[in-house]
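Structure assessment
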Amino acid sequence: MRTKLYRLFITLALFAGVHEVAAQGARFFRIIGPTATTITAFGADGTLVWTNAQPGATYTVQTVTSLPGGTNWLDYVQLPTTNAVTTNQVVAFNPPSGMALVPAGSFTMGDNLDSEGDAIPTNIYVSAFYVDTNLVNYSQWQTVYAYATNHGYGFDDAGAGKAANHPVQTVNWYDVVKWNNARSQQAGLTAVYYTDAGLTQVYTNGDTDTVYPNWTANGYRLPTEAEWEKAARGGLSGQRFPWGDTISESQANYNGDTADYTYDLGPNGYNAAFDTGDYPYTSPVGYFAANGYGLYDMAGNVWEWCWDWYGTRIGQPTTTNPTGPATGSNRVVRGGDWYYNADMVRCADRSYVGPSIGDSGFGLRCVRGL
């Protein structure tokens, strides 16, 4: 394998204002861009209305957790504009349980930091979506799995986990796609994946590469590779990891190697907190700090299956909501795992594996469209 905004705080300059969001702790937002703008409304659903945007320009929503000083603003989402009056949902006050909103906007997918030949920086636009804040844990997997097998689903493997709150692993691509359908149906939502182009036969059994997604369905699904990377970056741009440019074992469960990677602060070897027996293992979901979107374990712990077939160019077949090549032999996995070094847990790393492979390093998190 190669592998929110309740009250105005500050007046305008080249930004629209600063507002506080009352979710996941204090958080403040502002808009910067080529013209001074004005926030005219902020809805109960997290929708921001602002005026004086320059059509055809791109504005950046930035965020910070503490106002004093005002020097630690981080990019949250980029908003291309077509009209002077613009409406964008930038937060979700009531997302589905266990999920967070990744707002619609543009971001730079890939980077130039480490000569990643198949991840040349590309400007990608992704529509808003919800994403699990945590990896699917073993307990959650078992609950849906029991429902699925009692409703006609068949799987290659039952999945495994170090403990109930550790990520499920030993699951292949076919199984996680079917599991997403079962999770949807159990929740009373519309399944996403089908075995016919007419979207009438829900994918429940067998290993097939002829899977048709209903992208408009409200059910659970795997993220596209672009969605995964946008979520992983948490609003940061051009950084190696979900929190910045270096990594240490206080931030993720991976295999330290400070000699080969200057951005790895170590210590060396498997994460000592999860290497206490005969073999290293996963960490509980949510053990490490979240990124800017409130998502945990976007680097290390277990690889996360994506929808896409692997291709040597990102942004296929379009740079707006790309879904990857039409065909292929390997599916994309992202984020690295407890076994691999720091290079494999970078946001831009693009790894891949055959869809029938599922071992102790492969897990998932789900997304939903709005």
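Residues numbered from 1 in each chain as written. Predicted model: local features only at pLDDT ≥ 70, side-chain atom pairs only at ≥ 80, totals over all residues. Heavy atoms only, no water.

With that settled, consider the sheet that holds strand 4 (residues 47–51). What the three strands build is an open sheet, ordered 3-4-7; its pairing is antiparallel. Both outer strands of the open sheet, strand 3 (38–42) and strand 7 (86–89), are each paired with one neighbouring strand and no more. On average, each strand axis in the sheet is tilted by 25° relative to the strand beside it, whichever way the strands run. Relative to strand 4, strand 3 runs antiparallel, the two being bridged by four bridges. When the bridges of strand 4 are listed, I39 appears paired with W50. (Pairing = 2+ DSSP bridges. Helix = DSSP H or I, 4+ residues; strand = E, 2+ residues; numbered from the N terminus. Axes fitted to C-alpha atoms, helices over the stretch in contact; angles between N-to-C directions.)

Taken across its five residues, strand 4 has four buried, putting it largely inside the fold. Counted along the chain from strand 3 to the antiparallel partner strand 4, the turn is four residues long, and its residue G46 has a positive phi close to 85°. Where strand 4 lies against strand 7, four bridges are found, and the strand directions are antiparallel. Its bridge partner being in strand 7, L48 is matched across the sheet by N88. (Buried < 20%, exposed > 50% of the residue type's maximum accessible area, 1.4 Å probe, protein only.)

Further remarks concern the pattern of salt bridges. Taken as a whole, this structure holds 16 salt bridges when the rule is applied. The partner of K178 in a salt bridge is D175, with the nearest N and O atoms 3.6 Å apart. Taken together, the residues K178 and D175, both in helix 2 (residues 173–186) and three residues apart, mark about one turn of the helix. The exposure classification of K178 matches that of D175, with both residues buried. When the shortest N-O distance is used, the salt bridge between E229 and R233 registers 3.0 Å. Of the two residues, E229 and R233 both sit in helix 3 (residues 225–233), four residues apart, roughly one turn of that helix. Across the pair, exposure class does not vary: E229 and R233 are buried alike. Each member of the salt-bridge network shares a partner with another, and the members are D111, D118, E225, E229, R233, R334 and R350. (Salt bridge = Lys/Arg side-chain N within 4 Å of Asp/Glu carboxyl O.)

Turning to the environment of N214, a few remarks are in order. In this fold, N214 is placed in the loop between strand 13 (212–213) and helix 3. For the pair N214 and A191, spaced 23 residues apart in the sequence, the C-alpha separation amounts to 8.0 Å. Setting aside its immediate chain neighbours within four residues, N214 contacts V192, Y194 and L199. In this structure the side chain of N214 is engaged in a polar contact, spanning 2.7 Å, whose partner is the side chain of T216. (Contact = heavy atoms within 4.5 Å. Polar contact = N/O pair within 3.5 Å; in protein donor to acceptor, adjacent residues only side chain to side chain.)

A word on the confidence of the model for the chain. When pLDDT is averaged along the chain, the result is 91; 92% of the residues meet or exceed 70. Predicted confidence for residues 1–16 stays below pLDDT 50, and this span has 69 contacts to residues more than four positions away or in other chains. (pLDDT = per-residue confidence, 0-100.)

This part is about the packing of helix 1 (residues 138–149) against helix 2. Between helix 1 and helix 2, the least distance of the axes is 9 Å, while the angle of their chain directions is 80°. Relative to helix 2, the element helix 1 lies roughly perpendicular. Residues Q140, W141, T143, V144, Y145, Y147 and A148 of helix 1 lie in contact with helix 2, whose contacting residues are D175, V176, W179, A182, R183, Q185 and Q186. For the contact of helix 1 with helix 2, the per-class residue count stands at eight nonpolar, four polar and two charged. (Parallel < 35°, antiparallel > 145°, perpendicular 65-115°, else oblique. Nonpolar A, V, L, I, M, F, W, Y, C, P; charged D, E, K, R; others polar.)

Geometrically, the link from G266 to P267 is a cis peptide bond, its omega value of 5° lying close to zero. With respect to the element layout, P267 can be found in the loop between strand 14 (255–256) and strand 15 (269–270). Of note, the amide linkage connecting Q316 to P317 takes the cis form, showing an omega dihedral of -10°. Here T170, not a glycine, exhibits a phi torsion of approximately 60°, which is positive. Take T170: it is sitting in the loop between helix 1 and helix 2. With a phi angle near 60°, L199 is a residue other than glycine that sits in the positive phi range. Tracing the backbone through its elements, the reader meets L199 in the loop between strand 12 (193–194) and strand 13.

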